[in-house]
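# Notes for the structure review
Chain by chain, the residues run as shown.
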Amino acid sequence: RRGATTDGDGDGDDRNGLARARREEMEANENASDSEQREAAAAARETAQEKRVRLAKAYLERLREEQAAEDTDEDDGEEEGKNLDSHTRLAARLMEDAQRKSGHQRASIADRTTATRAPARLWRGHKRAVTGVALAEDDRTAYSVSKDGSIFGWDIETEKRTKFPRTPEAVVDPTQGGGGPQAPPKCGAHVVSCCAVSGERNLLVTGGADKRVHVWDTRSMTHITAFAGHRGAITGLGFRHGTGQLFSCAEDRTVKVWSLDDMAYVDTLFGHQDRCIGLDTQRRERLVTVGADRSTRFWKVPEDSQLVLRPPEGGGPAESCAFTAHDHWITGSQDGTVAIWNTQRKRAAQTWENVHGFREIVAPKGFSDADADRAMAQRDAAQAACGMSASDDGGVGEMASWVSAVHVAKGTDLAASGAGDGAMRLWKTSHEGEPLVPLDCVPARGFVNSIQVASSGRFILAGMGQEPRLGRWGRDAGARNGVQLHQLSLADE
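Just so it is clear, the model here is predicted, and its values are computed rather than measured. (Residues numbered from 1 in each chain as written. Predicted model: local features only at pLDDT ≥ 70, side-chain atom pairs only at ≥ 80, totals over all residues. Heavy atoms only, no water.)

## Some remarks on the confidence of the model for the protein
In the predicted model, the protein carries a mean pLDDT of 85, and the fraction of residues at 70 or more is 83%. Across residues 74-84, where pLDDT falls below 50, the model places five contacts with residues more than four positions away in sequence or in other chains. (pLDDT = per-residue confidence, 0-100. Contact = heavy atoms within 4.5 Å.)

## Quick word on the pairing of strand β12 (residues 245-250)
Of all six residues that make up β12, six are buried, and the element is covered over most of its length. The side-chain alternation of β12 yields two buried faces, one formed by Gln245, Phe247 and Cys249 and the other by Leu246, Ser248 and Ala250. Examined bridge by bridge, strand β11 (residues 234-239) and β12 share five bridges and lie antiparallel to one another. When the sheet's bridge partners are listed, Leu237 is paired in β12 with Ser248. The turn linking β11 back onto β12 is made up of five residues, and Gly242 within it adopts a positive phi angle of 80°. Looking at chain direction, β12 and strand β13 (residues 254-259) are connected through five bridges and run antiparallel. Within the sheet, the bridge partner assigned to Cys249 lies in β13 and is Val255. Between β12 and β13, which pair antiparallel in sequence order, lie three residues; one of them, Arg253, sits at a positive phi of approximately 75°. (Buried < 20%, exposed > 50% of the residue type's maximum accessible area, 1.4 Å probe, protein only. Helix = DSSP H or I, 4+ residues; strand = E, 2+ residues; numbered from the N terminus. Pairing = 2+ DSSP bridges.)

## Digging into the pattern of salt bridges
Pairing between side chains becomes possible if they bear opposite charge and their charged atoms approach one another. All told, the structure shown has 13 salt bridges when counted by the stated rule. One salt bridge in this structure joins Asp371 and Arg374, with 2.6 Å as the shortest N-O distance. With Asp371 and Arg374 both in helix α5 (residues 369-385) and three residues apart, the pair spans about one turn of that helix. Taken together, the salt bridges that share partners define one network made up of Arg128, Lys147, Glu467 and Arg472. (Salt bridge = Lys/Arg side-chain N within 4 Å of Asp/Glu carboxyl O.)

## Observations regarding the packing of aromatic side chains
Geometrically, a pair of aromatic rings is defined through the distance of the ring centres and the angle of the planes. Using the criterion set out here, one finds 12 aromatic pairs in the structure. Measuring from ring centre to ring centre gives 6.1 Å for Tyr143 and Phe164, while their planes differ by 75°; the resulting arrangement is edge-to-face. Residue Tyr143 is located in strand β4 (residues 141-146), and its partner Phe164 is located in the loop between β6 (161-163) and β7 (192-198); the two are separated by 21 residues in the primary sequence. Judged by its relative accessible area of 9%, Tyr143 is buried. A relative accessible area of 3% places Phe164 in the buried class. Note on Phe164 and Trp216: the rings are 5.9 Å apart at their centroids and 90° apart in plane angle, and the pair reads as edge-to-face. Of this pair, Phe164 sits in the loop between β6 and β7 while Trp216 sits in strand β9 (residues 212-217), and the two are 52 residues apart along the sequence. Look at Trp216 and you get buried, because its relative accessible area is 0%. A connected cluster of aromatic rings, assembled from ring pairs, spans Trp123, Phe152 and Trp154. (Phe/Tyr/Trp six-rings, centres within 6.5 Å; stacked < 30°, edge-to-face > 60°.)

## What to know about the sheet that holds β11
Ordered in space as β11-β12-β13-β14, the four strands form an open sheet in which the pairing is antiparallel. Of all the strands in the sheet, just β11 and β14 (264-270) have a single pairing partner and so form its edges. With strand direction ignored, the average angle separating the axes of adjacent strands in the sheet is 20°. (Axes fitted to C-alpha atoms, helices over the stretch in contact; angles between N-to-C directions.)

## Concerning the sheet that holds β6
The strand order across the open sheet built from four strands is β3-β4-β5-β6, with neighbouring strands paired in antiparallel fashion. Whereas interior strands pair on both sides, the edge strands pair on one side only; in this sheet they are β3 (130-135) and β6. Within the sheet, the average angular offset between the axes of one strand and its neighbour, ignoring direction, is 25°. Bridge count between β4 and strand β5 (residues 151-155): five bridges; the pairing is antiparallel. Paired with Thr141 across the two strands is Asp155, which belongs to β5.

## Observations concerning the environment of Ile224
Structurally, Ile224 is set in strand β10 (residues 222-228). With 20 residues separating them in the primary sequence, Ile224 and Leu204 have C-alpha atoms 9.9 Å apart. In this structure, Ile224 is in contact with Leu203, Val215, Trp216, Asp217 and Met263, ignoring residues within four places of it in sequence.

## Describing the side chain of Asp280
When you line up the elements, Asp280 lands in strand β15 (residues 276-281). Here Phe323 takes part through its backbone nitrogen, which lies 2.7 Å from a polar atom of the side chain of Asp280. Filtering out sequence-adjacent residues up to four positions away, Asp280 remains in contact with Leu287, Val288, Cys321, Ala322 and Phe323. (Polar contact = N/O pair within 3.5 Å; in protein donor to acceptor, adjacent residues only side chain to side chain.)

## Quick word on unusual backbone geometry
In this structure, Asn202 takes a positive phi of about 55° despite not being glycine. Positionally, Asn202 belongs in the loop between β7 and β8 (203-208). Relative accessible area serves as the criterion here: at 23%, Asn202 is assigned to the partly exposed category. Within the chain, Asp304 stands out as a residue other than glycine whose phi angle is a positive 55°. Considering the arrangement of structural elements, one finds Asp304 in the loop between β17 (296-300) and β18 (305-309).

## Details of the nonpolar core
Soluble globular proteins tend to bury their nonpolar side chains together. Membership of the largest hydrophobic core comes to 20 residues, with the highest contact counts inside it found for Met424, Val448, Ile451, Val453 and Ile460. For this core, the secondary-structure elements that each account for two or more residues are β24 (414-418), β25 (423-429), β27 (447-453), β28 (459-465) and β29 (482-490). Once residues lying within four places of it in the same chain are set aside, the contact partners of Ile451 are Ala405, His407, Ala416, Ser417, Gly418, Met424, Ile460 and Leu461. With 16 residues, the next largest nonpolar core counts Val338, Trp352, Val355 and Val406 among its residues. (Core = buried A, V, L, I, M, F, W, Y, C linked by side-chain atoms within 4.5 Å.)

## Section: the layout of surface pockets
Volume-wise, the second largest pocket comes out at about 440 Å³. Ala120, Ala385, Val442, Pro443 and His486 are, among the 23 residues lining the second largest pocket, the residues nearest its centre. The set of elements that each furnish at least two residues to the lining of the second largest pocket consists of α5, β26 (436-443) and β29. By residue class, the composition of the lining of the second largest pocket is 13 nonpolar, six polar and four charged. (1 Å grid on protein atoms, 1.4 Å probe; cavity = no way out; pocket = protein on both sides within 12 Å on 5 of 7 lines; lining within 4 Å. Points joined across faces, edges and corners; volume = space filled by probe spheres on them. Nonpolar A, V, L, I, M, F, W, Y, C, P; charged D, E, K, R; others polar.)

## Side note on the side chain of Arg286
You can see Arg286 is positioned in strand β16 (residues 286-291). In this view, Arg286 contacts Thr281, Phe298, Trp299, Lys300, Pro302, Glu303 and Phe323; residues no more than four positions away in its chain are not counted.

The structure is reproduced here in structure tokens:
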């Protein structure tokens, strides 16, 4: 009887303990819900100015933590001196970040960048040639489009693929325009040729044979609207850095300006005498375009002026372009030439001839024959790694030298170019725009229709295809359609 009484007391204690624990849990939940409600109410009462101040304080605190982590690696003897000018160093860090975002200062990472020996990763999903690749500002998400009309989003870390819905068919409404020359073709309207992304506004834009600029929401993957206005297939898209201003070029020889903040058409720029092939933008209201009329044009949009530059007699027309600085840019041509230009000269400031293809490379002034031989050895090694050579070009012929894609990593001196010869070339370019120094080559079998270099310098994304971006003039049956990722390594990592 005494043992039974003891057991009963133990059960009662257990029940009391459970009840006490439940009460404490309920009180904790009530306190948490009350604090959440108070935080939500405070956030609702927060004005725009107070939000900016809060975000600025959080940003400064993060910079202080980063600076403190860097200071722990320094000698103890210098610690006292560093603490004395902490505000000065913090101001210098803020100035450096602002100049880098505005393009006035660039990180020098090209000399420290080398191609890794790891094989490239190919992301499959597109059934036909990939025609465009766009990388978000944070280097975490990429988007790709293809001739089959498919649109994919890619997570760089996990390599997870997200498929967007098909582009809606353009409906011509006589009361709202978009008919006549602006009407989509009866065949092949599904082809998507280019894309651009604005991560700050969560917007993705695509363009192609249907003559429309399509705007997508990257969060919900829904189609927002479509802009009609071009009378030919759209060949290039680009956001002005840090803004909602969008530029588009097309085969109708025009460049159009759009405002995605207002979702409206702004202006049309005329000048090209033949179809416009591609464009690139920067932070200022400046852009550079290349066209089939063998001209490269530097546009000043507010002044409504343009600078027309042409290759020398016998030179091939430019196929691609990319800014290296505010007034300097590089171009890739059909004859395998990569050149750097500026607004102070009517001719290219520096030209590397036959740098893509299978012919002998001709170095510009200031470089020796040994530099050209080293560049050829790098190209030959990359071509051999993917099974291409002058005797076995995969059936692409002269199109192997068409430099269809160039790109400069934002805020850095690292650039890349690609053609159909099986070798993607890495370049170093200074802030002033010259000289242009070849660094290394990575193998890439097929037509490189689009290139994106990460601003961190850790990888390159290439849109690969068996066919060129804007036509079906050639085909490399040994290539595979998809998005190719090449890892790069930095010397200090």
